[in-house]
Amino acid sequence: QLLLVGARLLSYEWESISSRAELRRLGELARDRERTDPVTGLPNRAALLHELTREWELAKRGTVESYLVVCHLRDREALVERFGDAMANLLLKDVAEVLGGAVRRTDHLARVSPEALTTVLVGCKGPAGAHAFLGRFERSLERVTASRPASLQLSYGIHPLADSESPEEALANAELSARAAPAKVST
């Protein structure tokens, strides 16, 4: 009887693993490859601009206060030269995963360029709320990347969504401020 119970448990486990693999495969097929970044699995720039347009219209009406936060990976080329493309992609995935864990369901996250990830903080309570979000993100990122052989140099740009004439301009302003900001080293 013990063998029979063991066989049933093993059969159940095998079925569970097969089902998860099939769901993963079907999820890959269903994912919109034109609107998804292949490295991080996040929406790309085109997908973000679609969502950003809606949020910008709400912000312009005064319905909700939203901020764009751009996280710019400053040393991507240096990481590729020193450690290879795989390590640079792994570190970028780490940043994307930690950002994904820090955002709320109402927020939007996307990879907008090879070096930049953008978050739309919907309903953010001013610049102080955006800085608090970045503080939580940085603490979590330090825990995740502590064992990596390379450190990250990140810079951030914060821009209120309603202060621009268009969603594209808001994104461009946030990206510009991220490039101009001093880099912070995450170890």
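Residues numbered from 1 in each chain as written. Predicted model: local features only at pLDDT ≥ 70, side-chain atom pairs only at ≥ 80, totals over all residues. Heavy atoms only, no water.

### A closer look at the confidence of the model for the chain
Right, so step 1: Overall, the predicted model of the chain reaches an average pLDDT of 88, with 96% of residues at or above 70.
Right, so step 2: Taken element by element, the predicted model of the chain shows its lowest mean pLDDT in strand 5 (residues 184-186) (69) and its highest in strand 3 (residues 116-122) (93). (pLDDT = per-residue confidence, 0-100. Helix = DSSP H or I, 4+ residues; strand = E, 2+ residues; numbered from the N terminus.)

### Observations regarding the pairing of strand 1 (residues 66-73)
Right, so step 1: Of all 8 residues making up strand 1, 8 are buried, and the element is well covered by its neighbours.
Right, so step 2: The alternating pattern of strand 1 places Ser66, Leu68, Val70 and His72 and Tyr67, Val69, Cys71 and Leu73 on opposite faces, both of which are buried.
Right, so step 3: Two strands pair when backbone bridges link them, and strand 1 and strand 3 are joined in this way by 7 bridges, in the antiparallel orientation. From the neighbouring strand, valine 70 faces strand 3, where its bridge partner is threonine 118.
Right, so step 4: Note that strand 1 and strand 4 (residues 152-160) share 7 bridges and pair antiparallel. Residue pairing across strands places valine 69 opposite isoleucine 158, the latter belonging to strand 4. (Buried < 20%, exposed > 50% of the residue type's maximum accessible area, 1.4 Å probe, protein only. Pairing = 2+ DSSP bridges.)

### Regarding the environment of alanine 174
Right, so step 1: Summarising the element assignment, alanine 174 is placed in helix 6 (residues 167-180).
Right, so step 2: Along the primary structure alanine 174 and glutamate 55 are separated by 119 residues, whereas in three dimensions their C-alpha atoms are 15 Å apart.
Right, so step 3: When neighbours within four sequence positions are excluded, alanine 174 is seen to be in contact with Leu68, Val70, Gly157 and His159. (Contact = heavy atoms within 4.5 Å.)

### What to know about helix 2 (residues 45-61)
Right, so step 1: Compared with the 24 Å implied by 1.5 Å per residue over 17 residues, the 24 Å span of helix 2 between its first and last C-alpha is a close match.
Right, so step 2: For helix 2, the complete set of buried residues consists of Ala47, Leu48, Leu49, Leu52, Glu55, Trp56, Leu58 and Ala59.
Right, so step 3: Two to three positions downstream of the cap, the backbone nitrogen of alanine 46 sits 3.2 Å from a side-chain oxygen, assigning the N-cap of helix 2 to asparagine 44.
Right, so step 4: Positive backbone phi, approximately 85°, marks glycine 62, located one or two places after helix 2. (Expected span 1.5 Å × (residues − 1). Polar contact = N/O pair within 3.5 Å; in protein donor to acceptor, adjacent residues only side chain to side chain.)

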